[in-house]
Amino acid sequence: MASMSGSAVLEKAVRTVAVLAPLALASGCMTATLEENRNLDTKIAEGEAVVLLAKPHVEGTSAEDDFMDCVGSKMAGRAGIRVQPNNDFQDSMFPWFEPSTAPQRPEGVAQLLAKPAVRQRMEENGVRYIVWVDGLTRQTDSGGSISCAIGPGGGGCIGFGWWEKESDYDAIVWDLEEAKSAGSVSTNVTGTSALVGAIVPLPFIARVQGTACDRLAEQLGAFLHGQDASVAPAGT
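Residues numbered from 1 in each chain as written. Predicted model: local features only at pLDDT ≥ 70, side-chain atom pairs only at ≥ 80, totals over all residues. Heavy atoms only, no water.

Caption draft 1: Expanded view of the overall build of the protein chain. Of regular secondary structure, the protein chain possesses six helices and six strands. The N-to-C order of helical and strand elements in the protein chain reads α-β-β-α-β-α-α-α-β-β-β-α. Counting only residues that meet the buried cut, the protein chain has 39% of its 236 residues in that class. Sequence-distant contacts in the protein chain: of pairs separated by 6 or more residues, those separated by 24 or more amount to 74%. Surface summary for the protein chain: the accessible area is close to 12500 Å², and the carbon and sulfur share equals 54%. (Helix = DSSP H or I, 4+ residues; strand = E, 2+ residues; numbered from the N terminus. Buried < 20%, exposed > 50% of the residue type's maximum accessible area, 1.4 Å probe, protein only. Contact = heavy atoms within 4.5 Å. Areas by Shrake-Rupley, 256 points an atom, 1.4 Å probe, with all protein chains shown as cover.)

Caption draft 2: Representation of the side chain of S186 in the model. Its location among the elements puts S186 in strand β6 (residues 180-204). If we ignore the near neighbours within four places in the chain, the residues touching S186 are T33, L34, E35, Y169, D170 and Q219.

Caption draft 3: Fine view of the pattern of salt bridges. Under the counting rule described, the total for this entry stands at nine salt bridges. Across the salt bridge formed by R78 and D214, the nearest N and O atoms sit 3.7 Å from each other. One end of the pair, R78, is in helix α2 (residues 65-79); the other, D214, is in helix α6 (residues 208-224), and 136 residues separate them in sequence. Its salt-bridge partner being R128, residue E177 comes within 3.8 Å of it at the nearest N-O pair. (Salt bridge = Lys/Arg side-chain N within 4 Å of Asp/Glu carboxyl O.)

Caption draft 4: Molecular detail of the sheet that holds strand β2 (residues 49-54). If you trace the six strands from one edge of the open sheet to the other, you get β1-β6-β5-β4-β2-β3, paired in mixed fashion. In this open sheet, the two strands that pair with only one neighbour each are β1 (30-38) and β3 (82-84). With direction set aside, neighbouring strand axes in the sheet form an average angle of 25 degrees. Taken together, the nine bridges between β1 and β6 define a ladder with antiparallel strand orientation. Looking at β6, one finds that E36 is bridged to V185. Against the sheet, α6 contacts β1, β2, β4 (127-151), β5 (154-175) and β6, and its axis sits at roughly 155 degrees relative to β6. (Pairing = 2+ DSSP bridges. Axes fitted to C-alpha atoms, helices over the stretch in contact; angles between N-to-C directions.)

Caption draft 5: Focus on the packing of aromatic side chains. Taken as a whole and assessed by the stated rule, the structure comprises three aromatic pairs. Ring geometry for F67 versus Y169: centroids 3.7 Å apart, planes at 10 degrees, classification stacked. Of the two residues, F67 is situated in helix α2 and Y169 in strand β5; the sequence distance between them amounts to 102 residues. We classify F67 as buried; its relative accessible area is 2%. On the basis of relative accessible area, Y169 is assigned to the buried category, the value being 0%. (Phe/Tyr/Trp six-rings, centres within 6.5 Å; stacked < 30°, edge-to-face > 60°.)

Structure representation (structure tokens):
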């Protein structure tokens, strides 16, 4: 079989880009859905803190550590909320808020706060709200293919591959002073990424989890300041 010349390979790559460009441009885009459910008025005061905890599951799947760190960091930086590191909080409240012993319902929090030792440590921490975060980021679909080869005249890749991811997170806010659930906020972000093979692979990446972090941090900041969290700007 005769090998293709360098110009022929280049011409084929250009045709590939021309055909796949519309698909690539559509990739890297995202949609976001935000929701809020409020049970109590909230207005975090100066000196009060928030702690983010990943809701434990029997099967061991919970919100990712890096996602939790991202949300906490952006809440502190953008909303001016003091976020206590979850490891420090769990250590100071040992053994009551370990994943295997933490209360799963507001009623359990009320019972826990009835214990003088627990109430005292909570007041020392200055934590007013506990936010239980549940969810994950996962790949939901994919398709296409890319072929790469190398020869005497050089190498390259031809083709088109894409994948879709979804970040779906819920955050339940517990008011420790009221010993009740203050409400919840949630964010769902979907996006499609693509890789175009046109001699050099060209990636078009949708930052799905990063956008979900931005949105959830904005929602929680607004919620805790007593604002309407559902009007936080959505990603596109």
